[in-house]
Structure formats: C-alpha cells, structure tokens
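Understanding the architecture of this molecule
Here are the chains, one letter per residue:
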Amino acid sequence: MTTSSDRPEPATRSHQVTSAQEFDRLFAREQADNAFSQLVHRVDPHLPPGLGPFSFLCTSLLHHISAQLHLKDGQMLADLGCGPGGPGLWLAGRARAALTGIDFSAVAITAARHRAAHLPVPAVFSVADLVSLPLPDESVDRAVSLDALQYVPDRTTAAREARRILRPGGRLVLTGWQPRIPGDERLPGRHRHTDWHSVLRATGFTEICTVDDPAWDTAYQEIYRHALAVPSERETALAGLQGEARRRLPTAHLLRRIAVTAVR
Ligand SMILES: C[S@@+](CC[C@H](N)C(=O)[O-])C[C@H]1O[C@@H](n2cnc3c(N)ncnc32)[C@H](O)[C@@H]1O
C-alpha cells in the first residue's frame, strides 16, 4: 500500500458526461438480475453478505474506507452518489450511525429506500445532483463517495459542496481512480487528469491523504475479467458490463485505484 502527497493541480478538463437518465437505465437493468453486485461478491467472497455494491469494492478497500471514516455511534453519514445504497447502509449500520444518501438517479434512490426499509439503520435518501446538495451547512459528521465523483463534470463545485455540509473536523472518504501518468492520452477523459488531492486542497480540505493498494487494482480488473467469462444475453446488465470491460481492461493497468481521505 502506498500513499501520495502534494502534486501540482491540473485544470479540471471536460469529459464524457453520464446523465441521470443513463444511470436510471443502468439501475433498472441491474435491478432485474443484480448482475454487477453478484459479480463483485463472486470476485471477493469475503465481502459482507448483502453489501450489494454498485462499485468496484473489495474487502480490504471496504475496511480501509470504514477505518478512515472514524464514523461513531449516533453520527450522521452522507453517502454522495449512493446508488442503490448498499455500501453506505453497511458503513452506517456497522457504526450505529444514521445515513443520508444522495444520488441523481431516481431509480437508484427508489432501490435504496427499499433496501433501507429492511435494515435497522435510520436512513433518508434524496434525488439530487452532487453539485447542489439538498443539505444544510455543517449538517453531517462524515461523508463518503464511492466511485461516484469522477462522473461529475464540475469536481471543484462537488468538493466544495461536500465540504459545506460537513461539520468542522468532519471527514470525507472517496474512492476512484487516478492516472499513473498524469494526462495519459490513452486513458478515458474522465480519468486522464484526475487529481483529487489538488481539487480537495483548493476547496479548503486539509489532512488530505491518497492511498492505493495493488490488491484494489487487482480486484477492479478481476471484476471485468469475471464479467467477460460469463455468457450473457443482449440488453442485460451483464452485457452492459461486458461492453465496459472490453473498453476499459486494455488501459486498466494505467490507472491506480485510490481512496482519498480529507478533513474539513
Ligand atoms: C458507480 S455508481 C456507485 C454507487 C454507490 N456509491 C455504490 O458504491 O454502490 C456511481 C453513482 O454516482 C451517481 N452519480 C453520478 N453522477 C452524479 C451526479 N452528478 N449527481 C448525483 N449522483 C451522481 C450515479 O447515479 C451512480 O449511482
């Protein structure tokens, strides 16, 4: 496991935007067969049963996130880009905390509400964009964002929003990918210039720490490899993931899977 520190900040570049409607379609297909989350559980059978991620999680990354959050009994966790809610509910439940989940996909939010209804976690979910959070200033103790913030075209505004809702001393933990070579033209635009350390520092976060781990890279690539090994029919969630795997695997080694922690 390695950590990186200060790097010069490249400007945020434009990249292909994935809309709420596209995510709605993805989640509608995922609801039909849970193909993605089942695959993630198959690649790492040690993940907590029922976690149901729609992100490239593995056990060691999940425990790293949980340890970095320092979430305590009775506190409020915000899950930014919560999707169908599985990992955020698990993190909040484990700490006996409350959860507020935000996502711009109405389909994901409906699924998250259903999931939460069966769990003893006080949770509310809202449909909103991460650049305009429907939460008051200094209203949450912790924030987590798992494989979501890379989709937001204006990352600086999203980071500013995350900081605005956190109480002083509150912590943000995000996961994503960073290029091994900044600006690497072989990478999709979304990842080519990612530098969360610079974005978070520019928006006033402190104690920013970026961690990577080869095991997290392996889990990410294994999920794609497992997807490609399974026969699928057209128009299923699995078929969609297979298309993504064919596009992404050839350049996956050019990315570092990262978790970034920052303090408000
Ligand atoms: C890869 S999924 C991760 C879901 C969830 N964090 C998990 O771990 O299962 C990314 C999520 O980010 C959401 N998202 C992307 N851009 C967003 C935006 N601008 N505002 C709100 N949600 C967004 C998507 O709808 C999707 O649910």
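Throughout this description, residue numbers start from 1 for each chain and increase along the sequence as written. Restriction of local features to residues with pLDDT of at least 70 applies here, the model being predicted, together with a cutoff of 80 or more for giving and counting side-chain atom pairs; totals for whole chains, interfaces and linings are based on all residues. The side-chain figures draw on all heavy atoms in the structure; neither hydrogens nor water molecules are used.

1. Observations regarding the packing of helix α9 (residues 214-229) against helix α10 (residues 237-252)
Two quantities define a packed helix pair, namely the angle between the axes and the distance from one axis to the other. Spelled out, the test is: Helix axes use the C-alpha atoms of the stretch in contact, all axes being lines fitted to C-alpha atoms, and the angles between their N-to-C directions lie in the range 0 to 180 degrees. Only DSSP runs of H or I with at least four residues qualify as helices, and only runs of E with at least two residues qualify as strands; both kinds are numbered from the N terminus onward. By the definition adopted for this analysis, an angle is roughly parallel if under 35 degrees, roughly antiparallel if over 145, roughly perpendicular if from 65 to 115, and oblique otherwise. Helix crossings are classified by the rotation of the near helix relative to the far one: an anticlockwise turn of less than a right angle makes the crossing left-handed, while a clockwise turn makes it right-handed. Residues are treated as being in contact if the distance between any of their heavy atoms lies within 4.5 Å. For this scheme, ten residues count as nonpolar: Ala, Val, Leu, Ile, Met, Phe, Trp, Tyr, Cys and Pro. Four count as charged, namely Asp, Glu, Lys and Arg, and the remainder, Gly too, count as polar.
Viewed as axis vectors pointing N to C, α9 and α10 meet at an angle of 130°, and their least axial separation amounts to 8 Å. Taken as axis vectors, α9 and α10 run oblique relative to one another. When you trace α9 past α10, the crossing you get is left-handed. In this structure, α9 contributes Y220, Q221, Y224, R225, A227 and L228 to the contact, and α10 contributes L238, L241, Q242, E244, A245, R246, R248, L249 and A252. Looking at the contact of α9 with α10 residue by residue, the class counts come to nine nonpolar, two polar and four charged.

2. Section: the packing of helix α2 (residues 35-43) against α9
Remark: α2 packs on α9, axes separated minimally by 9 Å, with the N-to-C direction vectors making an angle of 120°. Our pair here, α2 against α9, has a crossing hand that is right-handed. Between α2 and α9, the residues in contact are F36, L39, V40 and V43 and A219, E222, I223, H226 and A227, respectively. When its residues are assigned to classes, the contact of α2 with α9 shows seven nonpolar, one polar and one charged.

3. Quick word on the site of the ligand
We apply this condition: Any residue with a heavy atom lying within 4 Å of a molecule or strand is counted as near it. Polar contact criterion, stated in full: a pair of N or O atoms within 3.5 Å, where within protein one must be able to donate a hydrogen and the other to accept it, and residues adjacent in sequence count only if both atoms are side-chain atoms. Calculation of accessible area relied on Shrake-Rupley with a 1.4 Å probe; when residues are assessed, cover is drawn exclusively from the protein chains displayed. Within this scheme a cavity is a closed region of a 1 Å grid, computed over the protein atoms alone, that accommodates a 1.4 Å probe without allowing it to escape, whereas a pocket is open but has protein on both sides within 12 Å along at least five of seven lines; lining residues each have an atom within 4 Å of a point. For this analysis, a molecule is said to be in a pocket or cavity if more than half of its atoms are within 2 Å of the grid points defining it.
Around the ligand sit 20 residues, and of these F54, S55, G81, D103 and L130 come closest. Here an oxygen atom of the ligand and a side-chain polar atom of D103 are 2.6 Å apart. Contact with the protein chains hides 98% of the accessible area of the ligand, taken as 590 Å² for the molecule alone. One can see that the ligand is located within the largest pocket.

4. Some points on the nonpolar core
Rules: For this analysis, a nonpolar core means a set of buried residues of the types Ala, Val, Leu, Ile, Met, Phe, Trp, Tyr and Cys, connected via side-chain atoms within 4.5 Å. Under the scheme applied here, a residue whose accessible area is under 20% of the maximum for its type counts as buried, over 50% as exposed, and between as partly exposed, the area being computed with a 1.4 Å probe on protein chains only.
In this structure, I65, L69, L77 and F125 are the most contacted members of the largest nonpolar core, which totals 48 residues. Dropping the residues within four chain positions of it, L69 is found in contact with L77, L91, R142, A143, V144, R171 and V173. L133, L200, I208 and A262 belong to the second largest nonpolar core, which has 26 residues in total.

5. Here we look at the confidence of the model for the protein
Low-confidence regions, as indicated by low pLDDT, have predicted coordinates that should not be scrutinised in detail. Our working definition: Each residue gets a pLDDT score, which is the predictor's confidence in that residue and runs from 0 to 100.
Mean pLDDT for the protein: 92, with 93% of residues reaching 70 or above. Overall, residues 1-15 carries pLDDT values under 50, and its contacts beyond four positions in sequence, including any with other chains, amount to 41 contacts.

6. Side note on the layout of surface pockets
This is how the line gets drawn: Grid points are joined across faces, edges and corners, and a volume is the space filled by probe spheres set on the points.
Of the pockets and cavities examined, the largest pocket occupies roughly 1,200 Å³. Surrounding the largest pocket, 48 residues form its lining, T18, F23, L26, Y151 and E244 being those nearest its centre. Put simply, the parts of the chain that give the lining of the largest pocket at least two residues each are α1 (20-33), α4 (86-95), α7 (189-192), α9 and α10. In terms of residues, the lining of the largest pocket owes the most to one element, α10, which gives eight residues. For the lining of the largest pocket, the class distribution of residues is 23 nonpolar, 13 polar and 12 charged. Surrounding the second largest pocket, F27, E30, Q31, N34, S37, G52, P53, F54, P84, A111, H114 and R115 form its lining. When contributions to the lining of the second largest pocket are tallied by element, the ones reaching two or more residues are α1 and α5 (106-117).

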